[in-house]
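Here is what each chain is made of, one letter per residue.
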Amino acid sequence: MSQKTINALVKLHGAKLRKDIQRGVKYCRAVWDFKKHPGGEFHKFCLDHYMPPGKLRRELLATTDFCLHSIGGYFGMMTKAVRRGLDVADTPLTAADELFASFSAASHYSQDLRDFKIAALAQLNFGTDSLKAPRTRTDWAARRLSSVGREVVPARLLAEVSRVGAATQKFVSGFNLYLDRIDFGDPDITFPKCTRLISHWGLRDYMTDLRGTPHALKKQRAIRDLLRRVVDGEIPREIIDNHKAAWDLKTGQVAVGGRRIKTTQTQALRWERFKNMFDSMRKVDPYTRYGNIIDNKFKKEREMSQEKIVGMLRDVLASPLAARVGAFVSGKLERPLEAHDIYFKDFHGGAKKSKLGYNIASRYRDAGALTAAIPGILVKLGFAKKRAREIGSHIRVENSRSAGHAWRPHTPVDTQLLRVRIGSEGIDERDFSIFMHELGHCVEGVLSSYEMDYRALWGVPNTAFSEAYAFTFQDRTDRILGRKAPGNSDVTTLLRFAEVFEIAGAALAEIEFFHWLYGASNRSAAQMQRKIRQVGDSIWAKFYAPIYGPDGYGLLSVYSHILWCVFYLADYPLGYVIAYQVRKYLKGKNLAKEMERMCRLGDIYPEQWMRSAVGENVSVTPLLTDTRAALKRLGY
């Protein structure tokens, strides 16, 4: 039947199009349901809907681009709407919020694309497995549409993933510890009232920001041990997000209102949540393009080989430069390094930052004040006033239940969302830094969407590229707050290396952990908990122990991102590497102008994006080369 169809199309459109016709019929056949629609119907469909390259196919491309983006985009907007109660902390979380958050309007979308023959239309005209970079913007848009309808995941499985995902999000967002309600057994280790910190981000960042404050090292060690307890499941469940509960670390007892209560350790609780997600995703695997989370992430989402990314991680971790950068940090701290010093960021100071000349909480008292401040911040970053207002008009800040995130627009009438935690009296410096990080995501989200030539190209190649802009904006936090920017570029280069080095180990641990998961079936939550600790410890012993000491306190295994089962961590070091290359290219150039140019490239292949943006492939070589030179000039 296929050959008959090919011959008929060749007769209709000419022998010069034989290869394109063969391609189209092949990919159309792959998504056609011959049980519902027999061969004769397939033959007629191909004759009616094959559009030869040129004006007719460009017109079809425009129609398909608009319609599919609109359908998928409004599904995305519905997801934002139903998840609002779970994500935004303006009102108490209710059972109804949790119920709506698990709702997925798009569960039947992929099957509908097949049933309504939209998948067949797209594959007939745009289908391909070619990885060769297209030459024109039109061809890039067609390449992105070539994936339409290739996967059909049963709606019941997508609904299950949505339900379990909402429950996991609630768990992660709610894993908060009140440090002021913990008795550490040392009068020097006390914290302000209602010091409520999410694990792991909040605990990590608060610990890092203690440098230069009274009894900082004691407090840092205490929080470091809390992080270790999170990993090992030694946190009483009864104290999680409960300010009424007081925990005595020495005795292990928990009291509410002065009365002791019975407690249960978390043990493998975090991994029970992960296991629920992983088990749901495993059911989806057979219906996906590559059949497993690992290959789908590297080949489909990142569009970069696992070998290249793992190679970059190992190049940084195994570099002898790491010990020399560690010596620099040790000199700043005037003591031997300890495990938590992997998070050290104050390379230009090492002590407490200078005080601001104003009350940051009063200036940014709520989400509305932060939203209103965005245009002014963008002007300080180099955007013209009118352009800053245009970009800012698409971004809305909301008070987040989680540590913070950005959610890009799905349609031209959608809004780019920026979520960040805002205290009852306003934002603090730590969360303002997160705000700047998320603002980088948001500005990228605006610039790579609303004004894009093709909607199929909305976005950037993968999450790491968005992280690159987030890091670039976060770098400028002190400048936006009114502090003097650091002056020594060599010291800044060491910081850039340390950023990659810190998260590269956790990313490698996640990769090894997922390979272990796929190595056998029916892993228990307890086994998962032990394995992630073992993998993290192994990587610590190999790459970190010679610099930061033999005990890693489970810090490479604490990342809560893992629990979502989105296989995300490698995007952070990859984002830092890309950000370094972008920053280096931007030196002496206007950030705003160049960011606009780069973001207009849209969602093309990563290497083509990098070559167009900065003139080179994604690589750690520039960072390693510059770090070596900087260390030499600094005498390390």
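Only a predicted model underlies this, so the values are computations on that prediction, with no experimental measurement involved.

Rules of the game
Residues numbered from 1 in each chain as written. Predicted model: local features only at pLDDT ≥ 70, side-chain atom pairs only at ≥ 80, totals over all residues. Heavy atoms only, no water. Helix = DSSP H or I, 4+ residues; strand = E, 2+ residues; numbered from the N terminus. Rg over C-alpha atoms; globule rule 2.2 N^0.38 Å. Buried < 20%, exposed > 50% of the residue type's maximum accessible area, 1.4 Å probe, protein only. Core = buried A, V, L, I, M, F, W, Y, C linked by side-chain atoms within 4.5 Å. Contact = heavy atoms within 4.5 Å. Pairing = 2+ DSSP bridges. Phe/Tyr/Trp six-rings, centres within 6.5 Å; stacked < 30°, edge-to-face > 60°. Axes fitted to C-alpha atoms, helices over the stretch in contact; angles between N-to-C directions. Parallel < 35°, antiparallel > 145°, perpendicular 65-115°, else oblique. Nonpolar A, V, L, I, M, F, W, Y, C, P; charged D, E, K, R; others polar. Polar contact = N/O pair within 3.5 Å; in protein donor to acceptor, adjacent residues only side chain to side chain. Expected span 1.5 Å × (residues − 1). Left-handed = near helix turned anticlockwise from the far one by under 90°. Disulfide = S-S within 2.5 Å. Patch = residues over 30% accessible without salt bridge, like charges linked within 9 Å, V, L, I, M, F, W, Y side chains within 5 Å. Areas by Shrake-Rupley, 256 points an atom, 1.4 Å probe, with all protein chains shown as cover. Salt bridge = Lys/Arg side-chain N within 4 Å of Asp/Glu carboxyl O.

### Regarding the overall build of the protein
Okay, step 1: Along the protein, the regular secondary structure elements total 27 helices and nine strands.
Okay, step 2: Taken over the C-alpha trace, the protein has a radius of gyration of 26 Å; the compact-globule value for 636 residues is 26 Å, and the two agree within 12%.
Okay, step 3: Principal axes of the C-alpha set define a box for the protein whose edges measure 90 × 60 × 45 Å.
Okay, step 4: The buried share of the protein, taken over its 636 residues, is 57%.

### Remarks on the nonpolar core
Okay, step 1: The biggest cluster of nonpolar side chains holds 198 residues, and the ones touching the most others in it are F274, F432, F435 and L439.
Okay, step 2: Ranked by residue count, the leading element in this core is helix 22 (residues 489-517), at 18 residues.
Okay, step 3: Here F274 is in contact with F513, F514, L517, M528, I562, L563 and C565, once residues within four sequence places are set aside.

### Description of the sheet that holds strand 2 (residues 182-183)
Okay, step 1: Reading across the sheet, the four strands line up as 2-4-5-6 and stay open at both edges, with mixed pairing between neighbours. Across the chains shown, the open sheet's two edge strands, defined by having one partner strand only, are strand 2 and strand 6 (259-261).
Okay, step 2: With three bridges joining them, strand 4 (residues 245-248) and strand 5 (residues 254-256) adopt antiparallel strand pairing. Note that in strand 5 the partner of W247 across the bridge is V254.

### A short note on the packing of aromatic side chains
Okay, step 1: Taken as a whole, this structure holds 36 aromatic pairs when the rule is applied.
Okay, step 2: Ring geometry for F274 and F513: centres 5.6 Å apart, planes at 50°, overall tilted. Of this pair, F274 sits in helix 12 (residues 269-284) while F513 sits in helix 22, and the two are 239 residues apart along the sequence. F513 matches F274 in its accessibility class, with the two residues each being buried.
Okay, step 3: Here the aromatic cluster, defined as three or more aromatic residues joined through ring pairs, consists of W271, F274, F278, F298, F513, F514, W516, Y518 and F567.

### Some words on the packing of helix 24 (residues 571-586) against helix 27 (residues 621-634)
Okay, step 1: Between helix 24 and helix 27, the least distance of the axes is 9 Å, while the angle of their chain directions is 70°. Considering the angle they form, helix 24 stands roughly perpendicular to helix 27. Facing helix 24, whose interface residues are Y580, Q581 and K584, helix 27 presents P622, L623 and D626.
Okay, step 2: The class makeup of the residues in the contact of helix 24 with helix 27 is three nonpolar, one polar and two charged.

### Looking at the side chain of S102
Okay, step 1: With respect to the helices and strands, the residue S102 is situated in the loop between helix 5 (95-101) and helix 6 (109-115).
Okay, step 2: Among the polar contacts listed, one links the side chain of S102 to the backbone oxygen of L99, at a separation of 2.8 Å.
Okay, step 3: Contacts of S102, omitting those with residues within four sequence positions, involve A159, S162, R163 and A166.

### Re helix 24
Okay, step 1: An ideal rise of 1.5 Å per residue puts 22 Å on 16 residues; helix 24 measures up with 21 Å between its terminal C-alpha atoms.
Okay, step 2: Positive phi appears at G588, one or two residues downstream of helix 24, with a value of about 85°.

### Considerations on the pairing of strand 7 (residues 395-399)
Okay, step 1: The buried fraction of strand 7 amounts to four of the five residues, a majority that puts the element mostly inside the structure.
Okay, step 2: In this structure, strand 7 lies alongside strand 9 (residues 416-420), joined through five bridges in parallel fashion. Among the inter-strand pairings, E398 is bridged to a residue of strand 9, identified as R419.

### With respect to helix 26 (residues 606-614)
Okay, step 1: Here helix 26 lies mainly inside the structure; seven of its nine residues are buried.
Okay, step 2: Residues P606, E607, Q608, W609, M610, A613 and V614 constitute the buried set of helix 26.
Okay, step 3: On its buried face, helix 26 sits against helix 8 (137-145), helix 13 (293-302), helix 14 (306-317), helix 20 (463-475), helix 24 and helix 25 (591-599).
Okay, step 4: Positive backbone phi, approximately 85°, marks G615, located one or two places after helix 26.

### Examining the packing of helix 15 (residues 321-333) against helix 22
Okay, step 1: Contact geometry of helix 15 with helix 22 gives a least axis separation of 10 Å together with a crossing angle of 120°. When the axis of helix 15 is compared with that of helix 22, the two are oblique. Helix 15 and helix 22 meet at a crossing whose hand is left-handed. Contact with helix 15, carried on its side by L321, A322, V325 and F328, involves V491, L494, F497, A498 and F501 of helix 22 and no other residues of that element.
Okay, step 2: A class-by-class count of the residues in the contact of helix 15 with helix 22 yields nine nonpolar, no polar and no charged.

### A word on the sheet that holds strand 7
Okay, step 1: Read from one edge to the other, the open sheet built from three strands follows the order 7-9-8, with strand pairing classed as mixed. Each end of this open sheet is capped by a strand with a single partner; those strands are strand 7 and strand 8 (404-407). Neighbour-to-neighbour, the strand axes of this sheet turn through a mean angle of 15°, independent of strand direction.
Okay, step 2: The strands touched by helix 4 (residues 55-87) are strand 7, strand 8 and strand 9; relative to strand 8, the strand with the most contacts, the crossing angle is about 170°.

### Comments concerning the state of the cysteines
Okay, step 1: Under the criterion given, the structure shown has zero disulfides.
Okay, step 2: In this structure C28 is not part of a disulfide, and its nearest cysteine sulfur, from C46, lies 4.2 Å away.
Okay, step 3: Given a relative accessible area of 0%, C46 falls into the buried group.

### Looking at unusual backbone geometry
Okay, step 1: With an omega dihedral of 10°, the bond running from S199 to H200 counts as a cis peptide bond.
Okay, step 2: For H200, the position within the fold is in the loop between strand 3 (196-198) and helix 10 (201-209).
Okay, step 3: Despite not being glycine, H215 has its phi angle at roughly 55°, a positive value.
Okay, step 4: Of note, H215 is situated in the loop between helix 10 and helix 11 (216-232).
Okay, step 5: Here H215 falls in the partly exposed class, since its relative accessible area comes to 41%.
Okay, step 6: One non-glycine residue, E303, lies in positive phi territory at about 55°.
Okay, step 7: With respect to the helices and strands, E303 occurs in the loop between helix 13 and helix 14.
Okay, step 8: In this structure E303 comes out as partly exposed when scored by relative accessible area, which is 25%.

### Describing a nonpolar patch on the surface
Okay, step 1: On the surface, Y74, M78 and V413 cluster together into a nonpolar patch covering about 290 Å² of accessible area.
Okay, step 2: On the basis of relative accessible area, Y74 is assigned to the partly exposed category, the value being 41%.

### Re the pairing of strand 4
Okay, step 1: Where burial is concerned, the two faces of strand 4 differ: the one with A245 and W247 is buried and the one with A246 and D248 is not.
Okay, step 2: Sheet analysis places strand 2 next to strand 4, joined by two bridges and oriented parallel. Directly across from D183, in strand 4, lies its bridge partner D248.
Okay, step 3: The hairpin turn running from strand 4 into strand 5, its antiparallel successor, is five residues long, and G252 in that turn takes a positive phi close to 80°.

### Observations regarding the pattern of salt bridges
For side chains of opposite charge, pairing can occur when their charged atoms come near one another.
Okay, step 1: Scanning the model with the defined rule gives 56 salt bridges in all.
Okay, step 2: The closest approach of N and O atoms between E499 and R496, which form a salt bridge, is 3.1 Å. Highlighted residues: E499 and R496, both in helix 22, separated by three residues, approximately one helical turn.
Okay, step 3: The exposure class assigned to E499 is buried, which follows from its relative accessible area of 7%.
Okay, step 4: Sharing partners across several salt bridges, the network here consists of D225, R228, R229, D232, E234, R533 and D537.

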